[in-house]
Amino acid sequence: MSSNKVREKVIIVGLILPDRFRASADEHLDELEQLIDTAGGTVVARIVARRPAPDAATWIGSGKAEELGQMAAREKASLVVFDDDLSPAQARNLETIIGIRVIDRSALILDIFAGRARSREAKTQVELAQLEYRLPRLAGQWKHLERQAGGIGTRGVGETQLEIDRRIVRRRISQLMGELEKVERTRQTQRKARGDSAFTVALVGYTNAGKSTLFNALTGGEAWAVDKLFATLDAKSQRAAFPMPRRTVIIDTVGFIRKLPHDLVASFRSTMEEAVTADLVLHVIDSSHPQLEEQRAVGEDVLRDLGIPEERVVEVYNKIDGTTAFGRPAAGGGAGRHTSLSALTGEGVDRLLQIIRERELAGGDVVELEIPNEDGRLLALLHQVAEVYEERSDDRGTVVRAWIPRSSLHVFVQFSLSNLQKRAKVS
Ligand SMILES: Nc1nc2c(ncn2[C@@H]2O[C@H](COP(=O)(O)OP(=O)(O)OP(=O)(O)O)[C@@H](O)[C@H]2O)c(=O)[nH]1
Ligand SMILES: [Mg+2]
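Procedures and definitions
Residues numbered from 1 in each chain as written. Chains lettered and ligands numbered in written order. Predicted model: local features only at pLDDT ≥ 70, side-chain atom pairs only at ≥ 80, totals over all residues. Heavy atoms only, no water. 1 Å grid on protein atoms, 1.4 Å probe; cavity = no way out; pocket = protein on both sides within 12 Å on 5 of 7 lines; lining within 4 Å. Points joined across faces, edges and corners; volume = space filled by probe spheres on them. Helix = DSSP H or I, 4+ residues; strand = E, 2+ residues; numbered from the N terminus. Expected span 1.5 Å × (residues − 1). Buried < 20%, exposed > 50% of the residue type's maximum accessible area, 1.4 Å probe, protein only. Arc of directions from axis to C-beta. Near = heavy atom within 4 Å. Polar contact = N/O pair within 3.5 Å; in protein donor to acceptor, adjacent residues only side chain to side chain. Areas by Shrake-Rupley, 256 points an atom, 1.4 Å probe, with all protein chains shown as cover. Nonpolar A, V, L, I, M, F, W, Y, C, P; charged D, E, K, R; others polar. Pairing = 2+ DSSP bridges. Axes fitted to C-alpha atoms, helices over the stretch in contact; angles between N-to-C directions. Contact = heavy atoms within 4.5 Å. Left-handed = near helix turned anticlockwise from the far one by under 90°.

## Side note on empty space enclosed by the protein
Right, on to step 1. Overall, the coordinates contain three cavities of 30 Å³ or more when judged by the stated rule.
Right, on to step 2. Approximately 120 Å³ is the volume attributed to the largest cavity.
Right, on to step 3. The wall of the largest cavity is formed by Phe113, Val254, Gly255, Phe256, Leu260, Leu264, Val265, Phe268, Arg269, Met272, Val302 and Leu306.
Right, on to step 4. Broken down by secondary-structure element, the contributors of at least two residues to the lining of the largest cavity are helix 8 (262–267) and helix 9 (269–276).

## Considerations on helix 1 (residues 22–39)
Right, on to step 1. Taking 1.5 Å per residue as the helical rise, helix 1 with its 18 residues ought to reach 26 Å, and the 25 Å between its terminal C-alpha atoms agrees with that figure.
Right, on to step 2. Along helix 1, the residues classified as buried are Ala25, His28, Leu29, Glu31, Leu32, Leu35, Ile36, Thr38 and Ala39. End-on view of helix 1: buried residues confined to an arc of 165°, all on one side of the axis.
Right, on to step 3. At the exit of helix 1 stands glycine 40, carrying a positive phi of roughly 100°.

## Brief notes about the site of ligand 1
Right, on to step 1. The immediate surroundings of ligand 1 are formed by 22 residues, with Lys211, Thr213, Ala231, Thr232 and Asp321 found nearest.
Right, on to step 2. One of the side-chain N or O atoms of threonine 213 is found 2.6 Å from an oxygen atom in ligand 1.
Right, on to step 3. Against a free-state accessible area of 650 Å², the protein chains account for coverage of 88% of ligand 1.
Right, on to step 4. Of the residues contributing to the shell around ligand 1, the split by class is eight nonpolar, nine polar and five charged.

## Side note on the sheet that holds strand 4 (residues 101–104)
Right, on to step 1. What the four strands build is an open sheet, ordered 2-1-3-4; its pairing is parallel. Single-partner strands in this sheet number two, and they are strand 2 (41–50) and strand 4. Pairs of neighbouring strands in the sheet enclose a mean axial angle of 25°, with direction left out of account.
Right, on to step 2. Relative to strand 4, strand 3 (residues 79–82) runs parallel, the two sharing four bridges. Each residue of the ladder has a partner; that of leucine 79, found in strand 4, is arginine 101.
Right, on to step 3. Running at roughly 160° to strand 2, helix 2 (residues 62–75) makes contact with strand 1 (8–16), strand 2 and strand 3 of the sheet.

## A few points about the pairing of strand 2
Right, on to step 1. Direction of pairing for strand 1 relative to strand 2: parallel, over a ladder of nine bridges. By the bridge assignment, isoleucine 11 is partnered in strand 2 with alanine 45.

## So, the packing of helix 1 against helix 4 (residues 105–116)
Right, on to step 1. The contact between helix 1 and helix 4 brings their axes to 9 Å, and the two run at 35°. The handedness of the crossing between helix 1 and helix 4 comes out as left-handed. Here Glu31, Leu32, Leu35, Ile36, Thr38 and Ala39 of helix 1 come into contact with helix 4, specifically with Arg105, Leu108, Ile109, Asp111, Ile112 and Arg116.
Right, on to step 2. For the contact of helix 1 with helix 4, the class distribution of residues is seven nonpolar, one polar and four charged.

## Comments concerning the environment of arginine 92
Right, on to step 1. Relative to the assigned elements, arginine 92 resides in helix 3 (residues 88–98).
Right, on to step 2. For arginine 92, a relative accessible area of 27% translates into the label partly exposed.
Right, on to step 3. Separated by 45 residues in sequence, arginine 92 and arginine 137 place their C-alpha atoms 9.2 Å apart.

Nothing here speaks to function; it is geometry throughout.
Encoded structure:
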């Protein structure tokens, strides 16, 4: 869809079950409309069906589906997008009744990702997710649309061909998985080679929450920050542009969304790995969004799935410059577990920097040492594990002021010029 020059006309469909409210169905369809806009389509109509339970064959019921068919013809729409996941059979049945292509939210998100992927890794991840999504849907593809489909790539798809297709897809899937493993190994090696004493801060959160804008504010960088869903697909990292107690690297990541296709989450693990291994995770939340609570919950779920412990997460309520604020933490409380700011105007960024600084220092101590010349090897070690602020040499040795991680303090305790010895014993 994204490659079409003419904007495709799309009808969107939601289903209200007894336990869902109309208002939230509308908001979900608003988001779906935004996704379609991102994918390059225009929504010409939206339909909300109400049922006690989804229909097994057609999700919304065959009567409603026929209505959809008439509407599609009237509006000259060429695509119907369902907000809920459809089974392969449901999608086929619906296409037969409606007479145009029917996809679900997952397929739409995959399409957007496919159109956005730039790096080799992102492309590989998206292709993998798409193939896994399509594999169970290969059966009888096109057959029911023969009347109107036709054309290259749609002719003569018999069962034998289907078996061949399946085998090709499976082979490609394992090839892609192999490639991703290779990328991941290379990254681990690089990480090790960097020796990484740097403190890493990952920005994660719902799509459009303002991660890339905050990334730019913290790094002076030029990440693409726009009012589109899934603007960022690759993890991007850059040094913080502010004086920090330790060398600080900020990492921008791909956004989350409600009902993210399962396959996509799995294949994007390697990109999210940057966040998983970060020293500090900033969960960016759009405080001006009416669905703030749901978006925060989605973020929390993903962080939990990724195995990121709560202690490493700070919630950042962004966009406080707007007139609407649907939620923001009470001032003061929380002991550095959340803060609010505007990445756009810069208001509150100082507070966030202070939180990051405290976290950086928390794992060690700033000390002054004098390392005698004959212990030169220790000076080299110090540079490896510590953050050295000042260093001057005289004939006896080198006087250093540095932040040293707690795990290494015992090595340097004997050279302390401050009251390090006492403090180290206490802790
Ligand atoms: N008013 C206001 N708008 C903001 C603020 N921060 C970001 N935005 C806007 O929100 C939109 C999305 O910002 P991005 O930084 O691209 O969001 P993101 O979280 O990186 O989004 P994805 O990469 O798509 O997941 C842009 O139009 C930004 O200008 C803010 O503090 N205040
Ligand atoms: Mg972004």
